[in-house]
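Understanding the architecture of this molecule
Chain residues, written in single-letter form:
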Amino acid sequence: MPSEERMASLAVVDYEALVNKDAGEIQKLAQACQTAGIFHLNLQGSKMNALFEDIPTIFETAHTTFFNLPHDCMEKTQSLCEGMERGYHDCKSFEYYEIARDEYRRGKWLLPATFEPQKDRITRTMDLLNRAAQTVVAELCAAMDINVPELSDDPTVPSDTGLKLVYKPPMGEPGQVFHPWHTDSGLATLLWYDEATAQIPICDKDGKQTEDAETIPVIDGTILVNIADELAARSGGRLHSPVHRVVNPPGTKRVWNSVVYLLRPYMV
């Protein structure tokens, strides 16, 4: 990335304050979701701290075993789910493995053998991110009188909610775009990341998107949350589903990864 890159300044919303139904923090949440549509969720000092221990350990296993396996090996081919996001996918410039929450929590999802040693950590990560997502969306909808009847924490209810582990090998130059401008489907997306790879567009004085972008910094102890298309639609346009893209981080070429939790409590 060029040294003169612009860094985005986003709201930081405190998770524990939302859990405690702090009116000021809920107002900050609503404001962030009506404007930028994306914010940092501070998990420090909460029961969510295990995320920041579990996720790096999960990826240590993912790097050295699953994602380093040959693309045509049985463990990967058996995890393929054609025509849907679940399971293993090789997207040329990156790979990912998505776990369906409903099937996983009902004991119907078979993890690849290399992930089995991390099953407890994967379960805890999925449960904690789901709790955070449910809290954010429930408090936001209550504050803005948005009706989302499908919002359920019951894993026996079929849904498209999933936990996605993303692996990016050391390819491409710093700043190179590998996932172009897009919005997300579903209600909300939660992102754990350890490199400055997410960008949002800079708009002109008329609110139109330009070709320039701001990079979202990494803030220790936080995850990134953005409103997705379905929730924006349910709000009648009051909430903003932000356009964003993903680029290679600055510095030397290296492996980097992220965990994405996609809250989609319905089937499409």
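Residues numbered from 1 in each chain as written. Predicted model: local features only at pLDDT ≥ 70, side-chain atom pairs only at ≥ 80, totals over all residues. Heavy atoms only, no water.

- In the nomenclature of an unreviewed UniProt entry, the chain is known as Oxoglutarate/iron-dependent oxygenase of Pochonia chlamydosporia 170.
- Annotation of the chain in UniProt includes, under Sequence similarities (unreviewed entry), the sentence "Belongs to the iron/ascorbate-dependent oxidoreductase family." (UniProt positions renumbered as here; feature names shortened; annotations may be inferred.)

1. So, unusual backbone geometry
- For Lys21, which is not a glycine, the phi torsion comes out positive at approximately 55 degrees.
- Inspection of the secondary structure puts Lys21 in the loop between α1 (15–19) and α2 (23–34).
- The residue Lys92 is not glycine, and still its phi comes out positive at about 70 degrees. (Helix = DSSP H or I, 4+ residues; strand = E, 2+ residues; numbered from the N terminus.)

2. Some words on α2
- Its 12 residues give α2 an end-to-end C-alpha distance of 17 Å, which sits within 8% of 16 Å, the value for a rise of 1.5 Å per residue.
- Of all the positions in α2, only Glu25, Ile26, Leu29, Ala30, Ala32 and Cys33 are classed as buried. End-on view of α2: buried residues confined to an arc of 165 degrees, all on one side of the axis. Of the exposed residues in α2, the ones pointing more than 90 degrees away from its buried face are Ala23 and Gln27. (Expected span 1.5 Å × (residues − 1). Buried < 20%, exposed > 50% of the residue type's maximum accessible area, 1.4 Å probe, protein only. Arc of directions from axis to C-beta.)

3. Observations concerning the pairing of strand β8 (residues 188–193)
- When you tally the buried positions in β8, you get 6 out of 6 residues, the bulk of the element.
- The side-chain alternation of β8 yields two buried faces, one formed by Ala188, Leu190 and Trp192 and the other by Thr189, Leu191 and Tyr193.
- Bridge analysis of β8 against strand β11 (residues 222–227) gives 4 bridges, and the strand direction is antiparallel. The residue bridging Thr189 from the neighbouring strand is Asn226, located in β11. (Pairing = 2+ DSSP bridges.)

4. Side note on the environment of Gly162
- Mapped onto the elements, Gly162 comes out in strand β6 (residues 162–168).
- Under the relative-accessibility criterion, Gly162 is labelled buried at 0%.
- Along the chain, Gly162 and Val246 lie 84 residues apart, while their C-alpha atoms are 20 Å from each other.
- Not counting chain neighbours up to four residues away, the residues in contact with Gly162 comprise Glu98, Ile99, Arg101, Val260, Tyr261, Leu262 and Arg264. (Contact = heavy atoms within 4.5 Å.)

5. Details of the sheet that holds strand β2 (residues 12–14)
- Strand order in the open sheet formed by 8 strands is β2-β3-β11-β8-β13-β6-β5-β4, and the pairing between neighbours is mixed. Here the strands that pair on one side only, and so sit at the sheet edges, are β2 and β4 (87–90). Taking the axes of each pair of neighbouring strands and ignoring which way they run, one obtains an average angle of 25 degrees across the sheet.
- Against the sheet, helix α3 (residues 51–64) contacts β6, β8, β11 and β13 (256–263), and its axis sits at roughly 120 degrees relative to β13.
- Contacting β3 (38–42), β5 (95–100), β6, β8, β11 and β13, helix α6 (residues 119–144) crosses the sheet at an angle of about 50 degrees to β13. (Axes fitted to C-alpha atoms, helices over the stretch in contact; angles between N-to-C directions.)

6. Concerning the packing of aromatic side chains
- Inspection of every chain in the model, using the stated rule, returns 11 aromatic pairs.
- On the numbers, 6.4 Å between centres and 25 degrees between planes, the contact of Phe94 with Tyr96 is stacked. The two residues Phe94 and Tyr96 agree in class, both being buried.
- Each ring, one from Phe94 and one from Phe178, has its centre 5.3 Å from the other, and the planes form 65 degrees; the classification is edge-to-face. With Phe94 in the loop between β4 and β5 and Phe178 in strand β7 (residues 177–182), the pair connects residues that are 84 residues apart, well separated along the chain. (Phe/Tyr/Trp six-rings, centres within 6.5 Å; stacked < 30°, edge-to-face > 60°.)

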